[in-house]
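An overview of the molecular structure
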Amino acid sequence: MSARQPLPNWVTIVLMPALNVLLAFIIGGLAVAIIGENPLTAMWALFYGAFGTGMGWGFTLHYATNFIFTGLAVAIVFKAGMFNIGGEGQAYVAGLGAIMVALWLDQTHWVFVLFGSTIAAMMMGSLWAIIPAWLQAKRGSHIVITTIMFNFIASAFMSYMLAQVITAPGANAETRTIAEQGRLPLLSDWFDAFQYSPLNITFFFGIAALIFTYVLIWRTKLGYKIRTLGANPEAARYAGISAVYVIIISMAIAGAMAGLMAVNEAVGVQKRLVVGYVHGFGFVGIAVAFMGRSHPVGIALAALLFGALYQGGQELAFELPAVPSDLVVVIQALVILFTGAMGEMFRPLLERIFARRVNPAPEAPTTAETEA
Amino acid sequence: MVEHQTTNAQQPSQAAGSEFAIDLKRVSKAFGPVQANKDIDLAVKRNSIHGIVGENGAGKSTLMSILYGFYTADSGEIWVNGQLVKIKDSSHALELGIGMVHQHFMLVENFTVLENIILGAEGEYLLASSMAKAREELTRLATDYGLNVDPDALIEDLSVGQEQRVEILKALYRGADVLILDEPTGVLTPTEADQLFRILEQLRDEGKTIILITHKLREIMAVTDTVSVMRQGEMVGTLATKDTSPEQLAELMVGRRVLLRVDKTPAEPKDVVLDVKGLSVTDDIGVPRVKDVSFNVRAGEIVGIAGVAGNGQSDLLRAISGMEAPLLGEIRVNGELVRFHGDDSASDARKMGVAHVPEDRLKMGLVTAFEEWENSILGYHESEKYGTGMFLSPKMAIAEAEKRIEMFDIRPRNPRLKTANFSGGNQQKIVLAREMDRDLDVLIVGQPTRGVDIGAIEFIHKHIIELRDKGIAVLLVSVELDEIRALSDRVLVMFDGEIVTELSPDASEREFGLSMAGVDPKEGA
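Keep in mind it's a predicted model, so treat the numbers as computed, not measured. (Residues numbered from 1 in each chain as written. Chains lettered and ligands numbered in written order. Predicted model: local features only at pLDDT ≥ 70, side-chain atom pairs only at ≥ 80, totals over all residues. Heavy atoms only, no water.)

**Quick look at the interface of chain B and chain A**
Each partner contributes to the interface: chain B provides 59 residues, whereas chain A provides 37 residues. Of the roughly 4,100 Å² buried where chain B meets chain A, counting both sides, 55% is carbon and sulfur surface. The largest share of the area that chain B buries against chain A comes from D343, H381 and L392 of chain B, three residues that together contribute 16% of it. Our enumeration of links across chain B and chain A arrives at four salt bridges. The residue R237 of chain A makes a salt bridge to E324 of chain B at a minimum N-O spacing of 3.6 Å. One can count 22 residue pairs in polar contact (both at pLDDT 80 or more) joining chain B with chain A. Of all the secondary-structure elements, those providing two or more residues to the side of chain B that touches chain A are helix 3 (60–67), helix 12 (345–351), helix 13 (361–365) and helix 16 (424–436) of chain B. For the side of chain B that touches chain A, the element with the highest residue contribution is helix 13 of chain B, accounting for five residues. Classifying every residue of the side of chain B that touches chain A gives 23 nonpolar, 20 polar and 16 charged. (Contact = heavy atoms within 4.5 Å. Buried area = accessible area lost by both parts, 1.4 Å probe. Salt bridge = Lys/Arg side-chain N within 4 Å of Asp/Glu carboxyl O. Polar contact = N/O pair within 3.5 Å; in protein donor to acceptor, adjacent residues only side chain to side chain. Helix = DSSP H or I, 4+ residues; strand = E, 2+ residues; numbered from the N terminus. Nonpolar A, V, L, I, M, F, W, Y, C, P; charged D, E, K, R; others polar.)

**Considerations on the packing of helix 3 (residues 54–79) of chain A against helix 7 (residues 202–219) of chain A**
Residue and element names in this part refer to chain A. One way to put it is that helix 3 packs onto helix 7 with a least axis distance of 9 Å and a crossing angle of 20°. In terms of their interaxial angle, helix 3 and helix 7 are classed as roughly parallel. Like other packed secondary-structure pairs, helix 3 and helix 7 cross with a definite hand, here left-handed. In this structure, helix 3 uses L61, T65, I68, F69, L72, I76 and K79 to contact helix 7, whose residues at the interface are T202, F203, F205, G206, A209, L210, T213, L216, I217 and W218. Taken together, the residues of the contact of helix 3 with helix 7 sort by class into twelve nonpolar, four polar and one charged. (Axes fitted to C-alpha atoms, helices over the stretch in contact; angles between N-to-C directions. Parallel < 35°, antiparallel > 145°, perpendicular 65-115°, else oblique. Left-handed = near helix turned anticlockwise from the far one by under 90°.)

**A word on the sheet that holds strand 16 (residues 354–357) of chain B**
All names here are of chain B. Taken together, six strands build an open sheet; the order of strands is 16-17-18-13-19-20 and the sheet is mixed. The sheet is open, and its two edges are formed by strand 16 and strand 20 (498–503), each paired on a single side. Put simply, the sheet's adjacent strands are angled 20° from each other on average, direction ignored. Lying over the sheet, helix 11 (residues 313–320) contacts strand 13 (302–306), strand 16, strand 17 (442–446), strand 18 (473–477) and strand 19 (490–495), oriented at roughly 150° with respect to strand 18. (Pairing = 2+ DSSP bridges.)

**Comments concerning the packing of aromatic side chains**
Counted according to the given criterion, the structure contains 24 aromatic pairs over all chains. With a centroid separation of 5.9 Å and 40° between ring planes, the pair formed by W44 of chain A and Y48 of chain A is classed as tilted. One end of the pair, W44 of chain A, and the other, Y48 of chain A, are both in helix 2 (residues 39–51), four residues apart, so they sit about a helical turn from each other. Looking at W44 of chain A, the relative accessible area reads 52%, which means it is exposed. Look at Y224 of chain A and F370 of chain B: their rings are 5.6 Å apart centre to centre, the planes differ by 45°, and that puts the pair in the tilted class. (Phe/Tyr/Trp six-rings, centres within 6.5 Å; stacked < 30°, edge-to-face > 60°. Buried < 20%, exposed > 50% of the residue type's maximum accessible area, 1.4 Å probe, protein only.)

This is how it looks when you write it as structure tokens:
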């Protein structure tokens with residue numbers, strides 16, 4: 001019954017995640033020390049790899065763009081009070097739509113490829129998300145279970161499509177490559193600094209998606225409905241807000257967001273669709289949304305962090321061969337663990353530190369209510 | 001007061017111990033800058049029933065939580081039976097003989113009475129022996145204090161009054177000498193409440209000490225020996241009950257004179273606005289909750305629905321407001337049928353002029369995580385007044401919220417403050433302002449003053465009567481009989497999903513009591 005002390009915003013938004021990341025690096029550093037390398041050298045290699053060069057920045061931002069899309073896919077649905085664990089599958093199936101339209105239009109101009117594949121990716125992602133949403137809204141099947149299952153279905157379905165249906169002649173489970181004139185422009189075409197990085201025009205879609213989400217959630221009536229349902233379903237019913245409608249529409253938007261990853265990764269960089277192209281980005285999106293507290297600004301920062309971890313991690317494995325690439329995955333996993341699953345670990349400590357200094361609610365509300 | 005000043009100097013003697021079961025001295029507790037308890041002195045005589053009254057947020061619950069070990073006081077002394085103690089937690093409080101009966105029962109529904117009573121005090125590894133011991137003890141307690149409950153009955157089969165007895169038995173079984181009861185009559189019929197008071201008196205006569213927290217002055221007058229009044233974290237007075245009056249207590253609680261009666265002129269009802277015919281409603285699992293109910297409400301009258309909580313009133317409100325589909329029957333507003341077509345039907349009822357102040361503002365009427373202005377548009381959020389087309393304009397909504405804050409005197413006057421940080425009374429005003437400040441034909445109100453302090457009750461009642469006088473049809477559901485009788489022009493009594501009778505608000509308390517228990521007073525006499 002200890003009353004939960006409210007913490008100042010900057011503590012929950014900045015300090016707590018920073019402490020979590022720090023702790024993850026300390027433990028990761030210990031692991032590096034155990035295998036006989038200098039943790040500081042390793043961390044520097046990681047940092048420099050991510051932010052030291054224009055190319056590093058390019059890779060980091062490219063990965064971050066993927067995380068923005070998959071993070072938003074989790075966050076929007078989380079605002080409606082549900083977990084969308086299906087970003088992985090939604091992005092995967094969206095790849096089918098994106099690549100088919102891209103391959104269809106790739107003899108024209110990249111502008112058509114960009115917009116055509118974007119629309120197709122968003123539609124396919126939406127479609128894949130709407131099915132579990134409908135099952136939840138109308139049949140009460142728990143969306144966490146169904147979205148997880150739909151990841152597996154997506155995986156099997158896409159393997160079949162890539163191996164049997166849209167396979168490039170002579171290739172093994174992948175489509176043909178997008179023709180030269182249909183390829184999306186890289187940012188390095190305009191800014192030399194990005195060198196050989198895959199950062200492409202979809203990056204701006206990522207920024208737009210963040211702004212779109214902010215406006216959607218806080219500046220539209222639909223966003224109001226989403227937040228009401230998420231915070232208090234009974235109040236939503238009282239207010240005449242249809243839970244069925246909100247669940248389906250928020251999942252549709254989330255699926256479209258996850259789908260955008262296909263444009264960035266498959267159309268923009270790989271220029272074809274290969275088996276398992278999503279490569280866990282959908283799952284990491286969950287950690288990104290958590291760490292970003294489902295707020296577009298937070299998600300932007302969390303996506304940047306994870307982008308840096310991905311890019312820096314690869315540089316680290318390259319620079320210090322004694323550090324196995326598996327260890328890099330361990331460090332990434334530690335960050336996910338401490339920021340996502342154990343994100344509230346420091347709260348009691350911080351509450352004790354800040355409790356005396358901040359002004360809590362004028363009347364501890366729990367106390368007031370029990371007196372009713 | 002003089003006696004226990006002297007005990008400080010002496011060795012805590014047996015004589016001093018027998019005078020006061022509980023003696024709090026200058027107890028203070030602050031939550032941040034909010035002083036919940038300021039230098040509280042409270043001496044509870046052994047073998048007495050001691051009432052504590054005060055408005056919401058006056059600090060009653062905080063004080064009891066300190067005594068029960070939930071909170072630790074910042075300063076001050078706690079003397080139990082003449083011993084200076086530091087209560088660490090609730091199990092320590094129990095060791096000292098202090099037991100608490102919570103407002104919301106903490107019982108396992110599908111366990112028997114006996115299993116619930118030994119829960120947390122199972123004793124040994126094997127249940128059988130402690131069960132046998134408990135059964136014996138239970139029989140003794142039942143005969144000593146008139147607390148009769150079948151030890152083998154499942155909790156879910158018991159009435160609310162019986163469940164409460166189980167809670168009391170639980171505390172006694174654990175050896176409580178001092179029983180704290182927090183708002184014990186909120187869920188009881190008048191008859192059950194009377195039975196509870198008889199039990200409390202018997203407990204006192206058998207040597208127990210009772211602390212009764214309540215906001216119902218009538219109960220204080222009926223059962224306590226001494227009463228302490230708290231206001232804004234301070235103890236403003238301790239009086240012998242026989243020397244005081246409800247008016248005096250109310251004045252002490254609020255700090256000014258309060259009208260306990262509602263002033264209203266006779267109603268001038270006009271055309272039927274709300275017409276309910278043959279309505280039946282079942283709950284989620286198909287249990288019938290409302291059974292073939294018909295009634296109407298005319299423009300300019302207040303129809304009250306009296307009844308003990310859980311007799312179908314909530315389901316009736318949900319059906320009329322469009323939140324739940326009726327099984328049978330029809331609801332008409334101004335002759336137009338209210339249709340249920342999906343989970344957003346409540347918005348259709350609103351468009352037809354039905355405003356709904358729900359029974360439970362925290363569960364239904366508000367989103368506590370929202371800022372005040374966001375709750376000020378809940379249910380009306382689609383209106384063009386709060387943004388063009390699909391967009392929501394906080395600026396426009398805040399402007400209107402500010403206007404309502406002024407009109408309804410909502411404090412603090414900050415539409416950007418999180419709703420959870422408003423007091424209960426002010427939260428209720430947010431809901432009332434939202435539902436009343438618009439074009440409406442029917443107002444359905446559930447428990448308008450639940451958990452609301454006396455000052456705000458007066459204000460809310462005045463507003464409801466004002467709406468009636470403007471020609472609005474008001475349907476009022478409340479478990480507070482006093483409130484129903486003070487506000488209503490006609491009263492329907494609900495029992496087990498049916499409207500058993502219609503009474504005049506001036507009918508006797510006995511008539512109300514009988515019909516609320518399902519007995520027709522005309523026959524049952």
